[in-house]
Amino acid sequence: MTRQGIIAIGRVDGSAAVEAEEAFKLIYGDVFAEPPYEETADDVAAAFRRFPVQARHSAFRAVMARTSEGEPIAMAYGHPLGPDTVWWDELTEPVPDDMQYEDGHRTFGLMELAVRGPWRGQGVARRLHEMLLDGIGAERVLLNVHPAAEAASAAYRAWGYRKIGEARPRGEGADLHDVMLLDLR
């Protein structure tokens, strides 16, 4: 695969992320239209109804990669999980209470990490991941990944994540996802 222009990665937090919503949406729409997700324009719109609320979270963090021409090619974002998070409730099998404990600082929830097709296999996802997590101060990172997204699952395992269970994010009609945890201590 040939490199598709110089890639610059930078932080895009809070209100700047809301202003860049269309770029985040473009990346998300491109990546998650592919198998195994096969999300529609309606699915993308639904996902981005939550984005401004997430971006206004006081500890929201995001990173975006762009070509030298400014084309958005990859993104990642998330925020610490609060005591009232439903993330643990979505697991199909319960985990120990001490694992579920959240205080708003302990666990960083990695909501999305996506790289558009032509820029995959160049280390962009790893660079995004490292920049997003740099200095977060959390003990651990939690994410959901579709088990049929083999390249993503393999990358997360290579970065030190381990599967701790399975969940149906956003309810019973959703595909089963692997829940993975990265210990940062």
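Structure shown above.
Residues numbered from 1 in each chain as written. Predicted model: local features only at pLDDT ≥ 70, side-chain atom pairs only at ≥ 80, totals over all residues. Heavy atoms only, no water.

## With respect to the overall build of the protein
Moving on, step 1. Along the backbone of the protein there are 6 helices and 7 strands.
Moving on, step 2. Walking the protein from its N terminus toward its C terminus, one meets helices and strands in the order β-α-α-α-β-β-α-β-α-β-α-β-β.
Moving on, step 3. Taking 185 residues into account, the globule formula puts the C-alpha radius of gyration at 16 Å, and the protein, at 16 Å, falls close to it.
Moving on, step 4. Projected onto the principal axes, the alpha-carbon positions of the protein cover approximately 50 × 30 × 30 Å.
Moving on, step 5. Among the 185 residues that make up the protein, the fraction classed as buried is 48%.
Moving on, step 6. Once local pairs closer than 6 in sequence are excluded, the contacts in the protein between residues at least 24 apart make up 69%.
Moving on, step 7. Accessible area for the protein stands at about 9,500 Å²; split by element, carbon and sulfur atoms hold 50% of it. (Helix = DSSP H or I, 4+ residues; strand = E, 2+ residues; numbered from the N terminus. Rg over C-alpha atoms; globule rule 2.2 N^0.38 Å. Buried < 20%, exposed > 50% of the residue type's maximum accessible area, 1.4 Å probe, protein only. Contact = heavy atoms within 4.5 Å. Areas by Shrake-Rupley, 256 points an atom, 1.4 Å probe, with all protein chains shown as cover.)

These figures capture arrangement, not role.
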